[in-house]
Number of protein chains: 2
Amino acid sequence: MKTIHNPKKEHWSELLRRPTRTFKDIETTVDDIFKNIQQSGDDAVLKYTSMFDGVDLENIEASKSEIENAESQVSDELKSAIKLAKSNIHKFHEAQKTEPVKVETQPGVTCWQAKKPIQKVGLYIPGGTAPLFSTILMLAVPAKIAGCSEIVLCTPPNKEGKINPVTLYTAQLCGIDKVFKVGGIQAIGAMTFGTETIPKVYKIFGPGNQYVTVAKQVATTFDVAIDMPAGPSELLVVADETANPEFVASDLLSQAEHGVDSQVVLVSTDEQTIVDVQKAITKQIEVLPRMEMAIKAIENSKFVLMKDDASASELIDFYGPEHFIISTKDDDFYVENINNAGSVFIGKYTPESAGDYASGTNHTLPTNGYAKQYSGVNLDSFNKAITYQKITEEGITRIGEAVELMAEAEGLQAHKNAMTLRINEIKNK
Amino acid sequence: MKTIHNPKKEHWSELLRRPTRTFKDIETTVDDIFKNIQQSGDDAVLKYTSMFDGVDLENIEASKSEIENAESQVSDELKSAIKLAKSNIHKFHEAQKTEPVKVETQPGVTCWQAKKPIQKVGLYIPGGTAPLFSTILMLAVPAKIAGCSEIVLCTPPNKEGKINPVTLYTAQLCGIDKVFKVGGIQAIGAMTFGTETIPKVYKIFGPGNQYVTVAKQVATTFDVAIDMPAGPSELLVVADETANPEFVASDLLSQAEHGVDSQVVLVSTDEQTIVDVQKAITKQIEVLPRMEMAIKAIENSKFVLMKDDASASELIDFYGPEHFIISTKDDDFYVENINNAGSVFIGKYTPESAGDYASGTNHTLPTNGYAKQYSGVNLDSFNKAITYQKITEEGITRIGEAVELMAEAEGLQAHKNAMTLRINEIKNK
């Protein structure tokens, strides 16, 4: 674990480089699969599920009895934990509701903005041995609050054609309409075009590997929106001598266990803190079940010593971390000065894992520096804002002439005429 | 002008089909130009400007004196009109500011959401004989309110290497930092990668032809966000016997003059209204300077008679129009029942052109059915929402165990450990 001392600005870009994405290589595969799903619907979905997931399904959709039986296979403790998390996520996202914004910009010119739910949404949940059921809470809870009328979920089946019971239990708890045993590119394609069984949706949410990520991006060229482009998960911790090195090490490791391409960065203004954190990592990493993965991610991690809080915050803002933990003597300084971060965890008792599961904030967040321009998933991710306006005769007299002049200057005579006819009718009354 | 009577639901999709987009054909051209700009920066920009705009520029950036001289070339009447529009747009978008949302989800677990501006934004304004300076107001005014720190504008030069003075005047009035004489794919590429002269931005806004549209979509695969994908402009009017057929005809024509692929739809529950509107169109179209374009767009337009308001509103919601004018005896019925529309104009004195220029609402809106899942440009288009959380010792005791259980169930032991270390430290105090 090498520490970089006060890197010069011209080296920040190289130092904090994220792994390159391979959009073009995967795009051809996505194009093929999408074309097949467009043409053959369910048949294509079943073919790819057999090919990639190694299982020949009889039914794409999870049956009622499968869903009902799931509950008994989840421990009561875990069910309580999931319910507590759901309740907190509900509280935080419910509070994000906004009233319509109404303004009379001129006498007789009333404009307002109101939000309406995106009616059909699709949630993608990766499978594997340890399914990310927590992501169902993060997506379905705000979708329900927004009032989306159709919420479907796709997740890959295991080799027996089954979905993990915790996934099914959580989906049912959240009131998801339909659960489909489809993963990967074929799941994104099915929700993009619709098949006999899987409905076409207007927006697709959820994490996934690089195939899913590219498929989601390609889906946006077919009239479907996505939550955000995704990359490997990231954590940046800023810590100084007031931090607990054991805690910091455990946070960095909780990021490192996600995968070998996880981005783990520690920034400090205190050299001893870095040394102590590195020691704690060496100790803690040995007992982790996912140790091998974590070791590789830690090898790629960066430990950066900066000379003061100002230069540290500049470096952090340049990076724009997905997760950002602050454990310093002046946490507020970083809260105020960092513009680019997905979710911010403040103080020594606020580990990232709190927000990953149960505090109430969303864990679907912008990676890959996208915190510079994307929000994490929030209530408005499931809404669209529509504007309305109503103009009276008085309103026409206030803005009519300006509209005529501007339309004429843009060479749009029919735009002008639409206003002129109204002005004349009012004049001739 | 053919009228379709009570079309069956299974024919709606065909009836209201929008023009197919040609993403793949243009993508190769975009890839080439992007690659060249990445490699050669300004040199490539100058080469493509010479090739596509037919002018060899000495300076890519508009000079101070060009900008200052522009003001004297704009009439005082037009300047007043632009200022009135700007003031209304400012009022409506300023009202969209939101306070941070703060919730204590459990005692000791405080979560909040706050918006921060996207620091660097790029605005694209199409050129041509009649430049759309009104779009500068629609993009720059909310960008300024949000607090974006760098706002740059790209617009193609004319054959003399100049930018229309109204464009320059409006840009200066809105406080835009830099104006570049670059159009088309090369403008989007330059703002995506940055060149020696043109800064890389985090998000690109603005309309454009199909080349610009595909370039923006490709830009999203290079760490840049865009306002929304775009298609030809659209207007749907629902009108009955209480509407003024002359007004309705003028509104439909104001859409038709945008281009031959403009989408113009009239829905009515009254057959005579359709007949009267068609007559008024025939009369009004003859005096339009852009008559030829309008005639072609009207040929492709749809006049649909529906049996009642309920079926009419269902058809409209299926279509999801960018602009939606309501002129009926029960306007509120449509306001309440339509879920999918970009901007809604209510009543006979509310032409689309009011919102295009001066009422205060934004005119950068979702076309191509995207009203189903995208908002038009609004204040939040220039912000991102960041979440924050701070947990106390009490908070840890409230949610710590749930986090441990969920992390373990997802097989993420290091996530669990980050919480366990804190729980133990508190216990041992």
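Residues numbered from 1 in each chain as written. Chains lettered and ligands numbered in written order. Predicted model: local features only at pLDDT ≥ 70, side-chain atom pairs only at ≥ 80, totals over all residues. Heavy atoms only, no water.

Here's the deal with helix α2 (residues 23-40) of chain A
Here's step 1: Under the 1.5 Å per step criterion, the end-to-end length of α2(A) is 25 Å for 18 residues, consistent within 8% with the ideal 26 Å.
Here's step 2: Every buried residue belonging to α2(A) is among Phe23(A), Ile26(A), Glu27(A), Val30(A), Ile33(A), Phe34(A) and Ile37(A), and all of these are buried.
Here's step 3: Those residues of α2(A) hidden inside the fold are in contact with α3 (42-53), α8 (184-193) and α9 (210-219) of chain A together with α2 (23-40) of chain B.
Here's step 4: Positive backbone phi, at 55 degrees, marks Gly41(A), one or two positions downstream of α2(A). (Helix = DSSP H or I, 4+ residues; strand = E, 2+ residues; numbered from the N terminus. Expected span 1.5 Å × (residues − 1). Buried < 20%, exposed > 50% of the residue type's maximum accessible area, 1.4 Å probe, protein only. Contact = heavy atoms within 4.5 Å.)

Some thoughts on the pattern of salt bridges
Here's step 1: A full pass over the atoms with the stated rule returns 34 salt bridges over all chains.
Here's step 2: The partner of Glu246(A) in a salt bridge is Lys283(A), and the shortest N-O contact between them spans 2.8 Å. Residue Glu246(A) is located in helix α10 (residues 245-256), and its partner Lys283(A) is located in helix α11 (residues 271-285); the two are separated by 37 residues in the primary sequence.
Here's step 3: Since its relative accessible area comes to 51%, Lys283(A) is described here as exposed.
Here's step 4: Arg422(B) is paired through a salt bridge with Asp251(A); the nearest N and O atoms lie 2.7 Å apart. Here the residue Arg422(B) occupies a position in helix α17 (residues 413-427), and Asp251(A) occupies one in helix α10, the pair thus bridging two chains.
Here's step 5: When its relative accessible area of 2% is taken as the criterion, Arg422(B) is described as buried.
Here's step 6: The structure contains a network of salt bridges with shared partners spanning Glu71(A), Asp76(A) and Lys79(A). (Salt bridge = Lys/Arg side-chain N within 4 Å of Asp/Glu carboxyl O.)

Topic: the UniProt feature "active site" (unreviewed entry) in chain A
Residue and element names in this part refer to chain A.
Here's step 1: Following the UniProt record, one finds the feature "active site" (unreviewed entry) at Glu322 and His323.
Here's step 2: Mapped onto the elements, Glu322 comes out in the loop between α13 (309-319) and β12 (323-327).
Here's step 3: The residues touching Glu322, leaving out its near neighbours within four places in the chain, are Ser233, Glu234, Ala341, Gly342, Ser343, Leu365, Pro366 and Thr367.
Here's step 4: Here Ser233 takes part through its side chain, which lies 3.0 Å from a polar atom of the side chain of Glu322.
Here's step 5: Mapped onto the secondary structure, His323 falls in strand β12.
Here's step 6: Setting aside anything within four residues of it in sequence, one finds His323 in contact with Ser233, Glu234, Leu235, Leu236, Gln255, Ser343, Phe345, Glu352, Asp356 and Leu365.
Here's step 7: Within the structure, the side chain of His323 is placed 2.8 Å from the backbone oxygen of Glu234, a separation counted as a polar contact. (UniProt positions renumbered as here; feature names shortened; annotations may be inferred. Polar contact = N/O pair within 3.5 Å; in protein donor to acceptor, adjacent residues only side chain to side chain.)

With respect to the UniProt feature "binding site: Zn(2+)" (unreviewed entry) in chain A
Here's step 1: Sites flagged by UniProt as "binding site: Zn(2+)" (unreviewed entry) map to Gln255(A), His258(A), Asp356(A) and His415(A). For the annotated residues, spread through 161 residues, the largest C-alpha to C-alpha distance comes to 55.7 Å, inconsistent with a single compact locus.
Here's step 2: In this fold, Gln255(A) is placed in helix α10.
Here's step 3: The exposure class of Gln255(A) is buried, given its relative accessible area of 0%.
Here's step 4: Residues in contact with Gln255(A), not counting those within four places in the same chain, are Ser233(A), Glu234(A), Leu235(A), Ser262(A), Gln263(A), Val264(A), His323(A) and Glu352(A).
Here's step 5: For Gln255(A), the side chain forms a polar contact with the side chain of Ser233(A), separated by 2.8 Å.
Here's step 6: Residue position: His415(A) is located in helix α17 (residues 413-427).
Here's step 7: Setting aside anything within four residues of it in sequence, one finds His415(A) in contact with Ala407(A), Ser254(B), Glu257(B), His258(B), Glu352(B), Ser353(B), Asp356(B) and Tyr357(B).

Observations concerning the sheet that holds strand β6 (residues 178-180) of chain A
Residues and elements named next belong to chain A.
Here's step 1: The sheet built from 5 strands is open, its strands ordered β6-β5-β4-β7-β8 with parallel pairing. Looking along the sheet, the strands with just one partner apiece sit at the ends: β6 and β8 (225-226).
Here's step 2: Pairing geometry for strand β7 (residues 203-205) and β8, over 2 bridges, is parallel. By the bridge assignment, Lys203 is partnered in β8 with Ala225.
Here's step 3: Strands β4 (120-124), β5 (150-154) and β7 of the sheet are contacted by α8, whose axis makes an angle of about 175 degrees with β4. (Pairing = 2+ DSSP bridges. Axes fitted to C-alpha atoms, helices over the stretch in contact; angles between N-to-C directions.)

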